[in-house]
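Spelled out from the first residue to the last, the chains are:
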Amino acid sequence: MQKTTEELLNELKHTKNIVYYMEYNSPYFSSENLPLYLKGLLLKSKRRKSIIIRSSCLNPSYAYQIFSGLKRPTRDKLIAILIAMKLSLDEIQQALKHFGYASLYAKNKRDAYIIFAIGQQMNVMQCNILLSNHNEIPLT
């Protein structure tokens, strides 16, 4: 049986022994690494890595380093890759959470523009233009 995040948090709040907690709950922690996760998304999208990288508007060598695990992307760079993969908002939110990044937050003005862009199925370039047109920092 899988434990929910709430169950783990409740146990963590009440634990007296962090070593025991970590050992006992280790099967429930996210262990998937980013390169593996991205590879799975690539397979699911049936698109080539080179196309995704070009669509992400990232420096190609930097993007390849992200895919190989040599670099950990910023939240914005990861969002750019996920948008380039044409993922839904729910899938992007899940990936952000999975890797410890803040979810896109509708009460944050910049995030609201990004959420809108995703909902309108804009590509990264279009999202960047939308952000720039509203005096917000582009993703890339």
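Each remark here, short or long, concerns the structure printed above.
Let us look at the structure shown here.

Criteria and thresholds
Residues numbered from 1 in each chain as written. Predicted model: local features only at pLDDT ≥ 70, side-chain atom pairs only at ≥ 80, totals over all residues. Heavy atoms only, no water. Phe/Tyr/Trp six-rings, centres within 6.5 Å; stacked < 30°, edge-to-face > 60°. Helix = DSSP H or I, 4+ residues; strand = E, 2+ residues; numbered from the N terminus. Buried < 20%, exposed > 50% of the residue type's maximum accessible area, 1.4 Å probe, protein only. Axes fitted to C-alpha atoms, helices over the stretch in contact; angles between N-to-C directions. Left-handed = near helix turned anticlockwise from the far one by under 90°. Contact = heavy atoms within 4.5 Å. Nonpolar A, V, L, I, M, F, W, Y, C, P; charged D, E, K, R; others polar.

With the rule as written, the count across this model stands at 2 aromatic pairs. Note on Y20 and Y24: the rings are 5.5 Å apart at their centroids and 15° apart in plane angle, and the pair reads as stacked. Residue Y20 and its partner Y24 are both found in helix α2 (residues 18–25); the two are separated by 4 residues, about one turn of the helix. Judged by relative accessible area, Y20 falls into the exposed class, the value being 52%. Among the residues examined, Y24 registers a relative accessible area of 48% and is labelled partly exposed. Here Y37 and F99 contribute two aromatic rings whose centre-to-centre distance is 5.0 Å and whose plane-to-plane angle is 80°, an arrangement assigned as edge-to-face. Taken together, the positions of Y37 in helix α3 (residues 34–45) and F99 in the loop between α7 (89–98) and α8 (109–119) put the pair 62 residues apart, joining distant regions of the chain. The same class applies to Y37 as to F99, namely buried.

Our focus in this paragraph is the packing of α8 against helix α9 (residues 124–133). Running from N to C, α8 and α9 point in directions that differ by 145°, and their axes come no closer than 10 Å. In terms of crossing hand, the pair formed by α8 and α9 is right-handed. Where α8 approaches α9, its residues R110, Y113, I114, F116 and A117 are matched on the opposing element by C127, L130 and L131. Here the contact of α8 with α9 is built from residues that sort into 7 nonpolar, no polar and 1 charged.

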